[in-house]
Amino acid sequence: MPKLHTLDLVPDIAGQDLVRRDWQALRDAGLPSQLDHRGHSNAPHVTVVSAPDLPDDAVDVAKARLGTLLPVRARAAGLLLLGGERLTVARAVDIEDDVVRRVLAVRVQVPGRQHTGWLAHVTLARRLDRASAQRAIDVLGYRDVELVLTTLRRWDPDRDRVTTVAEAR
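Model, not experiment: these values are computed from the prediction.

A. Focus on the environment of Leu 104. Tracing the backbone through its elements, the reader meets Leu 104 in helix H3 (residues 97-107). Sequence-wise, Leu 104 and Arg 20 are 84 residues apart; in three dimensions their C-alpha atoms are separated by 27 Å. Here Leu 104 is in contact with Gly 117 and Trp 118, once residues within four sequence places are set aside.

B. Just the environment of Arg 27, in detail. Here Arg 27 shows up in helix H1 (residues 13-28). At 3.2 Å, the side chain of Arg 27 and the backbone oxygen of Leu 35 are in polar contact. Polar contacts involving the side chain of Arg 27 include one to the side chain of Asp 36, which spans 3.1 Å.

C. Structural view of the pairing of strand E7 (residues 161-167). Pairing of strand E6 (residues 145-156) with E7 involves six bridges; the strand directions are antiparallel. Bridge pairing links Leu 152 to Ala 166 in E7. Adjacent in sequence and paired antiparallel, E6 and E7 are bridged by four residues, among which Asp 160 carries a positive phi angle near 55°.

D. Spotlight on unusual backbone geometry. Omega for the bond connecting Leu 70 with Pro 71 falls within 30 degrees of zero, at 5°, which places this linkage in the cis form. One non-glycine residue with positive phi stands out, namely His 115, at about 70°. Along the chain, the position of His 115 falls in the loop between H3 and strand E5 (121-129). Taking relative accessible area as the criterion, His 115 reaches 62% and is therefore assigned exposed.

Criteria and cut-off values
- Residues numbered from 1 in each chain as written.
- Predicted model: local features only at pLDDT ≥ 70, side-chain atom pairs only at ≥ 80, totals over all residues.
- Heavy atoms only, no water.
- Helix = DSSP H or I, 4+ residues; strand = E, 2+ residues; numbered from the N terminus.
- Contact = heavy atoms within 4.5 Å.
- Polar contact = N/O pair within 3.5 Å; in protein donor to acceptor, adjacent residues only side chain to side chain.
- Pairing = 2+ DSSP bridges.
- Buried < 20%, exposed > 50% of the residue type's maximum accessible area, 1.4 Å probe, protein only.

Structural data, given as structure tokens:
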């Protein structure tokens, strides 16, 4: 599988702390957690688009369409279980329709993008075995939290570099 470049919306410090609490709760329960990912790009985020390459014009469109909206308020709500034999655990993110329209306008600029449509979410854990799904749900609970998305970033795995595309003023 090729390394995937991404454009991501990143919450402010308070929002990152809220997500990291979920990461820590999973780890404390002996379950997989995004805390297990040691890469410097690992921060709580909502992926806008991922693909084997991100054309510069797509990044420009993202800056113009999304960067001008920052900060964006969103609600990290119910839990999602994605995948097959091994699951990804995530919180669904409820976000304004205008933001969704703008994200879709960015996504169509990226050839070879992963996934159709857009399912806004914050990943909490990867590679959870199905037998542990209920335990993860019990650990994480059902509380909703507000996130304030303040940064649009680009991850370039070929250069091992995270760059800020736009930030809230």
